[in-house]
Amino acid sequence: MLKRTVIVFVAFFMVLASVGWSQYQSVLDLPKQRLALQQPTTLTVPTGYTASRLVQELSDRHWLDEPFKLKLLFKLQPELTKLRSGEYEVRVGDTLETLLDRLISGRSVQYRVTLIEGATVKEMLASLADNELLEKTLSATDAASLSTELGLNVDSSEGLFLAETYYFERGTTDKELLLRAHRMLNDVLDKHWQSRDITLPLESSYEALILASIIEKETGLSSERGQISGVFIRRLNRGMRLQTDPTVIYGLGERYQGNLTRKHLKESTPYNTYRIPALPPTPIALVGEDAIFAALNPEPGKALYFVAKGDGSHQFSDTLEQHNRAVREYQLKRRKDYRSTPEAN
């Protein structure tokens, strides 16, 4: 009788052990289970989001059967509870393992915003203000106040952000984004400044940035950046005025209403390159890396003038006589008031 009882107990415990092992294995295999969702969606994980909250959310959304097993899994493998905040894609066919991998690695949904080449700080700020995905923390409306808010220790922040496409997570602030764009500008500018031709008539990387901004505003075709840079470099070398409309327009600010007049060209401002024999005091727009490269790598040649053809390209001339002929050919037929100067873009 005792022997039979022992056998029964042994068999009972063996069954329990088998069931326990099966349950244990099912917990370990849980990450392979597909999430039960019918269409792609997003899962927002705020700061302080706990593993217990994730279990509850997966249960509430009916994405996971037997959520208690996930609690057990987290106890067995606590490294799976190190969730990072963010906004995450959840796709049809995802497994629990796929989702946890995203949450732990922080591969959240990325949005993008582009800082436009040739835009001013005012235009850039207005564009960022319209972006609903960025958290707004800045109150600046111009280059001077933005410099103060970002702690840049310069009078003007004009041109101090690299024109580029930036990816960011929801909740990123406008300040964080602009500081990143500023760091990238410094990195790109320093890289090209270090490899420059030291005979260029530029005393600092900031002067190179100023020139790059003028090139950016004057360029209609990207293939002409180097040629336009060459014209300006040769003018600087000869002590000639740059005589470029975009700088005058920038100096006029809101007074410019779309028509640049002879009176404007005679006005004395720090940005009127028809009056000053040098670069203006600050950049006049945001620039991309290509404009910086062009400013520090001008194409060789003899051209001192260029005129817009009306199709985005320019006619380059070595002499004033050639330039005046180009003006008559490409501009006077269309604009009776056209001056023998580069056309603003």
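Source: prediction; values computed, not measured. (Residues numbered from 1 in each chain as written. Predicted model: local features only at pLDDT ≥ 70, side-chain atom pairs only at ≥ 80, totals over all residues. Heavy atoms only, no water.)

Enquirer: Please set out the nonpolar core residue by residue, giving values where relevant.
Expert: One recurring pattern in soluble globular proteins is that nonpolar side chains are buried together. The biggest cluster of nonpolar side chains holds 56 residues, and the ones touching the most others in it are L115, M124, L146, F161, L178, L202 and I292. The set of elements that each furnish at least two residues to this core consists of β3 (111–114), α5 (121–129), α6 (143–150), β4 (165–168), α7 (174–194), α8 (205–218), α9 (225–238) and α12 (289–296). L37, V55, L58 and F74 belong to the second-largest nonpolar core, a separate cluster that totals 24 residues. (Core = buried A, V, L, I, M, F, W, Y, C linked by side-chain atoms within 4.5 Å. Buried < 20%, exposed > 50% of the residue type's maximum accessible area, 1.4 Å probe, protein only. Helix = DSSP H or I, 4+ residues; strand = E, 2+ residues; numbered from the N terminus.)

Enquirer: Go over unusual backbone geometry, please, and point to the residues and values.
Expert: Phi at H62 takes a positive value of approximately 60 degrees, unusual for a residue other than glycine. With respect to the helices and strands, H62 occurs in the loop between α2 (51–60) and α3 (67–76). Despite not being glycine, N153 has its phi angle at roughly 60 degrees, a positive value. Of note, N153 is situated in the loop between α6 and β4. A relative accessible area of 80% places N153 in the exposed class.

Enquirer: Would you mind going over the pairing of strand β6 (residues 314–317) in detail, with residue names and values included?
Expert: Both strand β5 (residues 305–308) and β6 contribute to a ladder of four bridges, which runs antiparallel. Its bridge partner being in β6, F306 is matched across the sheet by F316. Hairpin remark: β5 followed by β6, antiparallel, with five residues in the connecting loop; positive phi at G310, about 100 degrees. (Pairing = 2+ DSSP bridges.)

Enquirer: Let's hear about the packing of aromatic side chains: which residues, and what values?
Expert: As enumerated under the stated definition, the model contains four aromatic pairs in all. For the pair Y111 and F168, a centre-to-centre distance of 6.2 Å together with 40 degrees between the ring planes defines the contact as tilted. Of this pair, Y111 sits in strand β3 while F168 is found in strand β4, placing the two residues 57 residues apart along the sequence. Each member of the pair, Y111 as well as F168, is classed as buried. When the ring of F232 is compared with that of F306, the centres are 5.8 Å apart and the planes differ by 75 degrees; the resulting orientation is edge-to-face. On the criterion of sequence distance, the pair formed by F232 in helix α9 and F306 in strand β5 is long-range, its members being 74 residues apart. Ring pairing ties together the aromatic residues F232, F306 and F316, which thus form one cluster. Positioned above the aromatic ring of W193, the side-chain terminus of R196 is 3.7 Å from the ring centre. (Phe/Tyr/Trp six-rings, centres within 6.5 Å; stacked < 30°, edge-to-face > 60°. Lys NZ or Arg CZ within 6 Å of the ring centre and 35° of its normal.)

Enquirer: Which residues make up the pattern of salt bridges, and what values do they have?
Expert: Per the counting criterion, the structure on display carries 13 salt bridges. Residues E66 and K69 are paired through a salt bridge, measuring 3.0 Å at the closest nitrogen-oxygen approach. The exposure class of K69 is buried, given its relative accessible area of 8%. For the salt bridge of E117 with R225, the shortest nitrogen-to-oxygen distance reads 3.7 Å. Highlighted residues: E117 in the loop between β3 and α5 and R225 in helix α9, separated in sequence by 108 residues. Residue E117 is classed as partly exposed on the basis of its relative accessible area of 41%. Linked through salt bridges whose partners overlap, the residues forming this network are E117, E216, R225 and D290. (Salt bridge = Lys/Arg side-chain N within 4 Å of Asp/Glu carboxyl O.)

Enquirer: Tell me about α5, and please be specific about residues and values.
Expert: Among the residues making up α5, those that are buried are V121, M124, L125 and L128. One face of α5 carries all of its buried residues, which in axial projection span an arc of 95 degrees. For α5, the secondary structure elements touched by its buried residues are β3, α6 and α7. (Arc of directions from axis to C-beta. Contact = heavy atoms within 4.5 Å.)

Enquirer: Go over the environment of V248 with me, naming the residues and quoting the values.
Expert: Structurally, V248 is set in helix α10 (residues 245–252). On the accessibility criterion, V248 (3% relative accessible area) is buried. Distance in space between the C-alpha atoms of V248 and I284 is 9.8 Å, their sequence separation being 36 residues.

Enquirer: How would you summarise the confidence of the model for the protein if you had to cite specific residues and measurements?
Expert: Scored by pLDDT, the protein comes out at a mean of 88, with 89% of its residues at no less than 70. Of all the helices and strands in the protein, helix α1 (residues 2–28) carries the lowest mean pLDDT, 54, while α7 carries the highest, 98. In the predicted structure, residues 8–19 sits below a pLDDT of 50 and forms zero contacts with residues beyond four places in sequence or in another chain. Note that pLDDT drops below 50 for residues 336–345; the model gives that stretch 37 contacts with residues more than four away or on any other chain. (pLDDT = per-residue confidence, 0-100.)

Enquirer: Describe the packing of α7 against α12, listing the residues and the values that go with them.
Expert: Their axes nearest at 10 Å, the elements α7 and α12 cross at an angle of 25 degrees. It follows that α7 is roughly parallel to α12 by the angle criterion. Relative to α12, α7 is oriented so that their crossing is right-handed. Counting all contacts with α7, which are made through L185, V188, L189, K191, H192 and W193, the residues of α12 involved are E289, I292, F293 and L296. Per-class residue counts for the contact of α7 with α12 are seven nonpolar, one polar and two charged. (Axes fitted to C-alpha atoms, helices over the stretch in contact; angles between N-to-C directions. Parallel < 35°, antiparallel > 145°, perpendicular 65-115°, else oblique. Left-handed = near helix turned anticlockwise from the far one by under 90°. Nonpolar A, V, L, I, M, F, W, Y, C, P; charged D, E, K, R; others polar.)

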